[in-house]
Amino acid sequence: MAARKKVLLKIIILGDSGVGKTSLMNQYVNKKFSASYKATIGADFLTKEVLVDDRLVTMQIWDTAGQERFQSLGVAFYRGADCCVLVYDVNNSKSFETLDSWRDEFLIQASPMDPENFPFVVIGNKIDMEESKRVISLKRAQAFCQSKGGMPYFETSAKEATNVEQAFEVIAKQALLQEEAGDFNNDFPEPITIRPESDQGGCAC
Amino acid sequence: MTNAESPPSPTASFYAMSDDDEGEYNTIRHTKTGRGVKLLYTKSKVYIHPSPSAKDNIPGFIALIQQKSAPGSRPTSSSSAPTASAPSDLLLAWVPESCLGDAYDTYVKVDLSDTSSPPKQTYLVPAPPITVSSPATGHGTYAFAIPVSQVYSLLVRPPSIGWWFGSVVINTRAGDSFPALFFHDSECQSTILQRRRLMRESFDPFQGESGMFWGGDEVLRWLKRYVRVERAGADPNTYLIEPTEGDRRGFSAVDGVDKNRKGSVTEAPKGGAGGASGPQDGAMDPFTKFVKETRWNILEKLSQVTTFTRRTAQAVAENPKLPPQVRRLIATPEVQTLSEEFDSARIYLARWAMGMAEQSERERDARIWTARDVLEMEDTGVGEFELLDVSTSKGTERRKSVDMGEWEAWFDTEGRLQVTPDEVKERVFHGGLDADDGVRKEAWLFLLGVYEWDSSREERTAVMNSKRDEYIRLKGAWWERMIEGAGPEEEMEWWREQKNRIEKDVHRTDRHIPLFAGEDIPHPDPDSPFVDAGTNVHLEQMKDMLLTYNEYNKELGYVQGMSDLLAPIYAIVQDDAVAFWGFVGFMERMERNFLRDQSGMRLQLLTLDHLVQLLDPALYLHLQKADSTNFFFFFRMLLVWYKREFEWPDVLRLWEVLWTDYLSANFHLFVALAILEKHRDVIMQHLQHFDEVLKYVNELSNTIDLPSTLSRAEALFNRFQRTVAALDQKNPLPPPSTARRRLPAPTSPKSSDDGKSNAALKAAKAGSIASRAGGASSGVEAGPAKGKGKVGAGNEAGDGKEEEGKRVKVVSPELRGLLSRKVVKLEKGDVQKHGGRVR
């Protein structure tokens, strides 16, 4: 790995139907919000060029269908992911409760080399709604993320572009670390897992 | 001069007409007298292609125009020789047809005048806007007129294989490039006439592809009458206009002045037209040469550089080694968009190439004309002639749609069908139903199985009455449950979840259709998450129908995508009970798409896999290399029957065609194949990875032409049928499987969308084509074909070669199922077996 090659970071966004996966992606990549996105069927992705620690990388962000049964065909694009974003709606407790199964599902399907250390980032979306509607508290979400190896946690509004940029900045960083670790492993037939101490653990809010 | 109705002007008789005679301008019969510029030459059907889609193409005229020079800028003598005409008086212009107004007729007239000699008559047209720099892409009309003195060079690219339209790009002295002008020769009457004349003269106009006369030749010929045009030795496609010594050195022009003024036929470059390669390389570094070519040429080159695949235009632009000119070109909107949307130039190129190919379909036919065709054309005197695609048999022609009158005439006084259902289906299959006269409202209920084909009007009324009652009963059942909250908590929870899902999806289904747009009533349910947004009566009806379906089919329940399937039916029928039963009929065949283990979708994707292997093995091998033979990129199209790929009116048409099951109950897979085949060349040339293929196919949305796709699908079906028949004849021993296309057995009794089925899929992927076909269907087939057999004939290359001899070549049951017109519906318990309802 003498020359620094062009880096493509593959990000997968998962979460229940209607939590705002498509909106988050579009807000981040196109700086646009529309209330009338159709339910995603199958999968699609957008790309964005960003600088991460002075390094130009391309983020390829995959948007997926949220209804659970459409995941089983998803293996094709899960593979090779560098970071997985788990999204829920802070006003919908079910979407929070399913985060764990999304995470498990991803680890099974993507089968990353080092599942223990695979980077996830959690996003609680739709914080623009009235406070009275909110059912998942910041504290509860943080506790959950802490219990799962300290996944970084963000609360966002794709509608109002709150915190979206910040969340994806961390996602890009995490993905780059993962990508570099992956390359490192690939260079040695017997993987020696020396991972850089990442900035995982602790809420980035 | 052919235009007898326009008397020749008294004085105009030479190339460069002097404009000192003011009176002359007013003597010309023209609607707008007194003002304007002289239209010396023009050519019609010259297009700008602002986007990859043929839809956006703008037809126009390229024209050589003479304007009055500014006072004092040149002598007023009328004796000026042609070469003395200052190029600053001349404008090279492109004007879109839509902007011409009254002048259109004049342009057409000049286009059709004999250009072998200089214009004998003056035609005046309004002056086009004079521009010296390229218009901002994406805005405005693109019209331009540049003084010839400002033209630095023309990049001339004659039509050739892969570039059906010849093109000309104007480069200005200021360093700008105007958008490429594409000559649609087959549409251009004057080019057709000129070809015909050349053909008369030489008896051999088709002396090879590059030698064919085309519109761009004509432009060079005009210019050569007024200015020096020299072909650049370094780049035979570049013609320098009034070059300076320096320009000439830079480009090592061929033999100084291009002497070839007459024989435009021989002008098209044949590769070796210019200076030797040695000195040329020395004179010009590759990047400089790069810059001399146009934007699209650069993209073309990029596509050849394989290392570019994963690099962005952005990265190229930031390469310090690049000269600023290239960086500037990279900053063009097209390339910018590319960089924003996707990181691979291939996608852009692919889209762009497809746009080119799309509009050249007619042209492609024209290119295989033989001399005899041309002679026949001479005889009939028809300027343009229609060519029938030889592969298009008569049956595949799209016909006029069935209107209410035709529909009603099929029924007797009792409302009983007097013709066979097959006759009706054939008509609907080939023509569709009238979109406006309400015939769909009636006919769809037959196609969806709500009404029996042999029923009388009276029977239908009775059926509908009982179905209405049943709808009300079903609706009441879930309503009660919601209100009373009776039943186990788990069940209640499921209902609440389903209601939320349905509501969420209804509020984002087809809201651009007027029926579903707007929120004019307050939300009836204060607990709904949409309470603030409001709703409208049709959204509420949609919600009720889907909840009623959730009640009707509790095993499966509502699954995302179903709202997409219901909306068109409701929009046509506009009666919730009737629409509900139409939807139930539709769902009988679509149910398999929504199984929890996805076995129904897998089966269809696998069938598509087999179909491509059989009918287009070369494409298949490419897809295999691109890791795309899961055909996942067709998932969306198959799940909701192309609902997201076509505009609303086309969806309605497509669905009624598919509902007929006229050729196959799985004709939608031939539609998929037709779409794939249309793009096969682009896919094979430009797309090399799964993500590229997926992105490309996803972005076909709203660019697909329905009628031609249906014709192609039918032709492909016919080819498929013939192929299977031929295979069966060759191979009479293994009895054709009679099995219906059943779902593969679930891999585990409870939840099968787990690692196991994926493992099977992975294994299948890794294996050979043949073992894959066998393995994936092994749960189904008990016949002798089980587990062996290649999918089709031995026309695949590659995989499984070593075993080819041993294997019995049979048509896979998946493929054979495609010949059936019977819709395979799920049986009782199938939904449970395949994962049950949503959890």
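Residues numbered from 1 in each chain as written. Chains lettered and ligands numbered in written order. Predicted model: local features only at pLDDT ≥ 70, side-chain atom pairs only at ≥ 80, totals over all residues. Heavy atoms only, no water.

As named in an unreviewed UniProt entry, chain B is GTPase-activating protein GYP7, taken from Trichodelitschia bisporula.

To keep things clear, this is the line we draw: UniProt positions are given in the numbering used here, feature names are shortened, and annotations may be inferred rather than shown by experiment.
The annotation that UniProt attaches to chain A under Sequence similarities (unreviewed entry) is "Belongs to the small GTPase superfamily. Rab family."

**What about the overall build of chain A?**
Rules: Secondary structure elements are taken from DSSP: a helix is a run of H or I of four residues or more, a strand is a run of E of two residues or more, and numbering for both begins at the N terminus. Relative accessibility under 20% of the residue-type maximum defines a buried residue, over 50% an exposed one, and the middle range a partly exposed one, all with a 1.4 Å probe and only protein chains included. Two residues qualify as a contact provided that any one of their heavy atoms is within 4.5 Å of a heavy atom in the partner residue.
In terms of regular secondary structure, chain A is built from six helices and six strands. In chain A, the order of α-helices and β-strands from amino to carboxyl end is β-α-β-β-α-β-α-α-β-α-β-α. Counting over 205 residues, chain A shows a buried share of 57%. Long-range pairs, those at least 24 residues apart, make up 72% of the contacts in chain A between residues at least 6 apart in sequence.

**A word on the pattern of salt bridges**
Where charged atoms from two side chains of opposite charge approach closely, those side chains can pair. Using the following cut-off: For this analysis, a salt bridge means a side-chain nitrogen from Lys or Arg found within 4 Å of a carboxyl oxygen belonging to Asp or Glu.
If you walk through the whole model with that rule in mind, you get 43 salt bridges over all chains. Across the pair A:R55 and A:E180 runs a salt bridge, and its minimum N-O distance is 2.7 Å. Remark: A:E180 occurs in helix α6 (residues 164-187) and A:R55 occurs in strand β3 (residues 55-64); sequence separation between them is 125 residues. One salt-bridge network, held together by shared partners, links A:K38, B:D510, B:D564, B:K643 and B:R644.

**Some thoughts on the nonpolar core**
Which entries qualify depends on this criterion: For this analysis, a nonpolar core means a set of buried residues of the types Ala, Val, Leu, Ile, Met, Phe, Trp, Tyr and Cys, connected via side-chain atoms within 4.5 Å.
Judged by nonpolar contacts, the single largest core of 152 residues is most densely connected at A:F106, B:W407, B:M562, B:F631, B:F634, B:Y642 and B:F667. Considering every element that reaches this core, the biggest residue donor is helix α22 (residues 576-590) of chain B, with ten residues. Contact partners of B:Y642, with chain neighbours within four places excluded, come to B:M637, B:V651, B:L654, B:H668, B:V671, B:A672 and B:I675. In terms of nonpolar packing, the next biggest core, distinct from the first, is built from 31 residues, B:V46, B:I48, B:I62 and B:Y239 among them.

**A word on the sheet that holds strand β4 (residues 83-89) of chain A**
Note the threshold: Any two strands with at least two DSSP-identified bridges between them are counted as paired. Axis definition: a line fitted to C-alpha atoms, limited for helices to the stretch in contact. Angles are taken between N-to-C directions and run from 0 to 180 degrees.
Ordered in space as β2-β3-β1-β4-β5-β6 (chain A), the six strands form an open sheet in which the pairing is mixed. A strand with exactly one partner marks an edge of an open sheet, and here the two such strands are β2 (43-52) and β6 (153-155) of chain A. If you compare each strand with its neighbour and ignore which way they point, the axes differ by 25° on average. In this structure, strand β1 (residues 7-14) of chain A lies alongside β3(A), joined through seven bridges in parallel fashion. From the neighbouring strand, A:I13 faces β3(A), where its bridge partner is A:D63. Set on the sheet, helix α29 (residues 690-698) of chain B makes contact with β2 and β3 of chain A; between it and β2(A) the angle comes to about 120°.

**A few points about the packing of aromatic side chains**
Put simply, the rule reads: Two rings belonging to Phe, Tyr or Trp (six-membered ring only in the last case) form a pair when the distance between their centres is within 6.5 Å. Interplanar angles under 30 degrees mark stacking, angles over 60 mark edge-to-face geometry, and anything in between is tilted. A ring is scored as having a charge over it whenever the NZ atom of a lysine or the CZ atom of an arginine sits within 6 Å of its centre and within 35 degrees of its normal.
Summed over the entire model, instances satisfying the criterion amount to 45 aromatic pairs over all chains. Relative to B:W495, the ring of B:W494 lies with its centre 5.7 Å away and its plane at 85°, an arrangement referred to as edge-to-face. Taking relative accessible area as the criterion, B:W494 reaches 7% and is therefore assigned buried. Residue class for B:W495 comes out buried when judged on its relative accessible area of 1%. Through a chain of ring-to-ring contacts, the aromatic side chains of B:W407, B:W410, B:F411, B:F446, B:Y451 and B:W453 assemble into a single cluster. Above the plane of the ring of A:Y28 lies A:K48, whose end atom (NZ or CZ) is 4.7 Å from the centre. One cation-aromatic arrangement involves B:K695 over A:F45; the distance from NZ or CZ to the ring centre is 5.1 Å.

**A closer look at the packing of helix α21 (residues 562-573) of chain B against helix α26 (residues 648-659) of chain B**
Residues and elements named next belong to chain B. The following threshold applies: The labels follow the angle: roughly parallel below 35 degrees, roughly antiparallel above 145, roughly perpendicular from 65 to 115, and oblique for the rest. Note on residue classes: Ala, Val, Leu, Ile, Met, Phe, Trp, Tyr, Cys and Pro are nonpolar, Asp, Glu, Lys and Arg are charged, and everything else, Gly too, is polar.
The geometry of α21 relative to α26 is characterised by a closest axis approach of 11 Å and an angle of 95° between their N-to-C directions. One finds that α21 runs roughly perpendicular with respect to α26. Contacts between α21 and α26 pair D564, L565, A567, P568, I569, A571 and I572 from the former with W648, L652, W655 and W659 from the latter. Residue classes in the contact of α21 with α26 are distributed as ten nonpolar, no polar and one charged.

**Some details on unusual backbone geometry**
Even without glycine at this site, A:S111 takes up a positive phi of about 30°. Tracing the sequence through the fold places A:S111 in the loop between α4 (99-110) and β5 (120-125). Residue B:E242 is not a glycine yet carries a positive backbone phi of 45°. Tracing the chain through its elements places B:E242 in the loop between β10 (238-241) and α5 (245-251).

**A closer look at the pairing of β2(A)**
Residue and element names in this part refer to chain A. Among the ten residues that make up β2, eight are buried, leaving the element largely enclosed by the rest of the structure. Bridging between β2 and β3 involves ten bridges; their strand directions are antiparallel. Counted as the bridge partner of V52 is R55 from β3. Counted along the chain from β2 to the antiparallel partner β3, the turn is two residues long, and its residue D53 has a positive phi close to 50°.

**What about the packing of helix α20 (residues 537-552) of chain B against α22(B)?**
All names here are of chain B. Our working definition: What makes a crossing left-handed is the near helix being turned counterclockwise from the far one by less than a right angle; a clockwise turn instead makes it right-handed.
Contact pair α20 / α22: the axes reach a minimum separation of 10 Å and the direction vectors enclose 50°. By the angle class used here, α20 and α22 are oblique. Relative to α22, α20 is oriented so that their crossing is right-handed. Note on element contacts: α22 touches α20 through D576, A579, F580, W581, F583, V584 and M587, opposite Q541, M545, L546, T548, Y549 and Y552. When grouped by side-chain class, the residues that make up the contact of α20 with α22 number ten nonpolar, two polar and one charged.

**What to know about the environment of A:T40**
What counts, and what does not: Counting of polar contacts relies on pairs of N or O atoms within 3.5 Å, with two restrictions inside protein: one atom must be capable of donating a hydrogen and the other of accepting it, and residues adjacent in sequence are counted only when both atoms are side-chain atoms.
Structurally, A:T40 is set in the loop between α1 (21-30) and β2. The class for A:T40 is buried, based on a relative accessible area of 15%. Residues A:T40 and A:G66 lie 26 residues apart in sequence; the distance between their C-alpha atoms is 7.5 Å. Not counting chain neighbours up to four residues away, the residues in contact with A:T40 comprise A:T22, A:D63, A:T64, A:A65 and B:Q560. Separated by 2.8 Å, the side chains of A:T40 and A:T22 make a polar contact.

**Quick look at the environment of B:K822**
All names here are of chain B. With respect to the helices and strands, K822 occurs in the loop between α33 (813-817) and α34 (830-833). Its relative accessible area of 55% is what places K822 among the exposed residues. K822 sits 158 residues away from S664 along the chain, and the two C-alpha atoms are 7.5 Å apart.

**Section: a negative patch on the surface**
Residues and elements named next belong to chain B. Using the following cut-off: Patches draw on residues past 30% relative accessible area with no salt bridge. Two like charges within 9 Å are joined, as are two nonpolar side chains (Val, Leu, Ile, Met, Phe, Trp, Tyr) within 5 Å. Only the protein chains shown count as cover for residues, with accessible areas throughout obtained via the Shrake-Rupley method and a probe of 1.4 Å. Neither His nor the chain termini are counted; the positive set is Lys and Arg, and the negative set is Asp and Glu. Charged groups are reduced to one reference atom each: NZ for lysine, CZ for arginine, CG for aspartic acid, CD for glutamic acid.
Side chains of E408, D436, D437 and E442 sit close together on the surface and give a patch of like negative charge. Residue placement: E442 occurs in helix α17 (residues 439-447). Here E442 falls in the partly exposed class, since its relative accessible area comes to 30%.

**Focus: α22(B)**
Residues and elements named next belong to chain B. For the record, the criterion: Any helix carries an expected span of 1.5 Å times its number of residues minus one.
With 15 residues, α22 should cover 21 Å at 1.5 Å per step; its first-to-last C-alpha distance of 20 Å lies within 8% of that length. The element α22 is largely enclosed, with a buried count of 14 among its 15 residues. Where α22 begins, one side-chain oxygen reaches toward the backbone nitrogen of A577, 3.1 Å away; that side chain belongs to D575.

**Some remarks on the confidence of the model for chain B**
Residue and element names in this part refer to chain B. Selection criterion: Here pLDDT means the predictor's own confidence in every residue, given as a number from 0 to 100.
Mean pLDDT over chain B works out to 72, with 62% of the residues at or above the 70 mark. At the low end of the mean pLDDT range in chain B sits helix α6 (residues 277-283), at 34; at the high end sits α26, at 98. Here residues 72-84 is a poorly scored stretch, pLDDT under 50, and it has 15 contacts once near neighbours within four places are set aside; other chains count. Between residues 747-808, whose pLDDT stays under 50, and residues either more than four places distant or in other chains, the model counts 94 contacts. Here the prediction assigns the complex a pTM of 0.61, and the interface score ipTM is 0.86.

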